[in-house]
Amino acid sequence: MGLSLRLACLAAAAAPAAALLGVGAQDTASQIVELLRPSVSFTLDDPPASHAEPSWERSARQAAALRQLECAPTLLDDVEQMVGKAEGGDALAMAGLGTIYLFGQDCLRKRNLTWGVHWLRRAAQLGQPDAQATMGFLHASDVLRDLYNFTALEANRSHARVLYERAAAAGSAYAHMALGARHGAAPSSCGPAAAHYEQAAIRGVAALDELRRHSVEMSNPTDAEHLTTLSHQTSERERMDGGTVEYMDYCARIGDVTGKVSMAHLYHMGSHGVPRDREAARFWFRSAAKQGDGMGHANLGFMQLRQGQHAAAVKSLRRATKLRDISAWAGVGYAYLYGAGVQQSDELAAKAIWLAARQGHLDSIFNLGVLNLLGRGVSQNPRMGVRYLSAAAEYGQPQAQLYYGRLARAGLGVRKDCPTALFFLKHAADNAPLVRELMGVALRAYDQQRPQRALLYYLLAAHAGVEVAQQNAGFLYAYAPLPLRREWEEVYTQRALQYLKLAAHQGSKEALVLLGAVYERKRDFTTSHHLFEAAAAEGSRDAYWHVGMDYLHGRGVGRSVPKAIEMFKLAGAQSKFAQLRGVEALAFGVARFVYESRVALLFGAALLSILARGGNPVEMLQGVLGGGQRPLDGAPAEYEDEDDFDDFDEKE
């Protein structure tokens, strides 16, 4: 069910689920506002000017924090200056240089483990927090010995914790996540885990601001490719590579509206090899708008709002609302909120933002929560504010996750509940640019068949507590062709079990299946079957297939062909973690083809049945799927009327 259809259910369920207290009292409202200092996600102002910072220093700071550097022409000069500064005793230069040497960069492939450890160790001794956090990871993971047979650094897990604690005290987001993950592994340590993840989430959400300002609507990144789970049949993905960008540019040039809007976004962001060029973005949005595209009008309106062309922005946004673009209503709300091209009105701002929220616009749901907390455009209502924040947080809005997690941790507006606070604060931290970049580099390396680099970056994210990274690290330890001695096979197996158990502890069904597969390879069939059964009980279709194979071959359970066939049917005759060869591979390939053909035939028969009974098939399917629900039931009746906004769509 879509966001817009479930929003009413979430809002209605938020009070009992979160055990909302009597938060209508003014003192509680002021306490919530004081804690969160909430603000609307869209602003008209430019980011505050920072002090002049040398290029090398900016690059060193970013590299030391485990972020990727832009492939700028000055990058090599920056590295040369880092060398000079590091030799002169600058701790930040040492940390940045050591990280570049140790992990490499997409733009700087040259690496030197010896010099990397040398500079990081010196920076850590001088108290540089990012270097301390990275050295903590090296001691905790022993990754250099595992992947590169590098023995100049002895792993010391007790020292790793000391380094993490020192780095966290000095403000390292990575160290806070690593400590949060360590505490989170023990249910009795929920409080310390939540405290560390809160600090990581605060820093992570702040780091998102830069990315958000580069987007047209100041929205959070929505792509989730970096969270791809690895398997033996990892599916082909639509990758935004050079060829894809060239094709999008070609489509735009021949008049395709989708191509125009996509290229405009790339130019606005300055991403995927496309230079940041706001004029080019405006050109393509305007071109799409001239073809009557609602998204073109809406995004052009957002650009005009932020560039001070307020009257033109209002006109573009209103035209987009006529074309049913939901984000345009959010833009109309922002125009009223800031008095940009229209007379300032908090009431009309709240109404327009609600019209976007009721159609599933995630940032608008979050902003409604902010307006209710602040009492702007509506009566101050912390209870409703928390409900909207809860709904936005459930659907992954990082600012809402941070706000709601902090409220649950402090016991303001909702019952004090550490597991709930930990859940949302951890997800807010996991949405930060740091995690996205670590996971993105790892996935690109895997696609390029560079398993050592992929595993190195997945381990960085795994020690920060990222579930998918833990699962993928376990998969690579178990199955990747890592070029090391055969006698280390058992070491790799133990590492695979270690990280898969961490992911399973966080609730990953796929990790349970992979754990079972590793134990099966160790010929511990009793344990493997138990794990497959546990994953199947959680609804994993892959697990059904492995349970079926156990029944077929009598592994860890009595042999039963009927039960095996039953399990194979539930699995759709396939598992992405299966390793089949010869006759078995052929047999299951045929079975999967038959199964998928049968599903298609059954769907076609069902559709024909609907048509034969008469009526609108779309409406009938919506009724079956629950699509007939009204979003945001219980909203003010006056919000149903859009006439308040009809008088400005032709204003110049």
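Structure: above.
Bear in mind the structure is a predicted one, so any value in this text is a computation, not a measurement.

Thresholds, definitions, all that
- Residues numbered from 1 in each chain as written.
- Predicted model: local features only at pLDDT ≥ 70, side-chain atom pairs only at ≥ 80, totals over all residues.
- Heavy atoms only, no water.
- Helix = DSSP H or I, 4+ residues; strand = E, 2+ residues; numbered from the N terminus.
- Buried < 20%, exposed > 50% of the residue type's maximum accessible area, 1.4 Å probe, protein only.
- Disulfide = S-S within 2.5 Å.
- Phe/Tyr/Trp six-rings, centres within 6.5 Å; stacked < 30°, edge-to-face > 60°.

A. Up close: unusual backbone geometry. Positive phi, normally seen in glycine, also occurs at D142, with a value near 55 degrees. Mapping D142 onto the fold places it in the loop between α7 (129-141) and α8 (143-148). Its relative accessible area of 10% is what places D142 among the buried residues. You will see that R523, though not glycine, has its phi angle at about 65 degrees, which is positive.

B. Spatial organisation of the state of the cysteines. One pass over the full model with this rule turns up 2 disulfides. What pairs with C71 in a disulfide is C107, and their sulfur atoms sit 1.6 Å apart. Handedness of the C71-C107 disulfide follows from its S-S torsion of about -70 degrees: it is left-handed. Here C71, found in the loop between α3 (55-64) and α4 (75-87), pairs with C107, found in the loop between α5 (91-103) and α6 (113-125); they are 36 residues apart in sequence, far enough to count as distant. Looking at C71, the relative accessible area reads 63%, which means it is exposed. On the basis of relative accessible area, C107 is assigned to the partly exposed category, the value being 23%. Covalent S-S linkage joins C190 and C418, the inter-sulfur distance amounting to 2.1 Å. Measuring the twist about the S-S bond at about -110 degrees, one finds the C190-C418 disulfide to be left-handed. Separated by 228 residues along the polypeptide, C190 in helix α11 (residues 190-214) and C418 in helix α22 (residues 418-430) bring together distant segments of the chain. A relative accessible area of 11% places C190 in the buried class. What links to what in the chain: the bonded cysteines, counted in sequence order, pair as 1-2, 3-4.

C. The packing of aromatic side chains, seen in detail. Applying the stated criterion across every chain yields a total of 14 aromatic pairs. Between Y477 and Y492, the ring centres sit 5.8 Å apart and the planes meet at 45 degrees, which makes this aromatic pair tilted. Here the residue Y477 occupies a position in helix α25 (residues 467-479), and Y492 occupies one in helix α26 (residues 489-505), the gap between them amounting to 15 residues. The exposure classification of Y477 matches that of Y492, with both residues buried. An aromatic cluster is built from F42, F302 and Y334, whose rings are joined through pairwise contacts.

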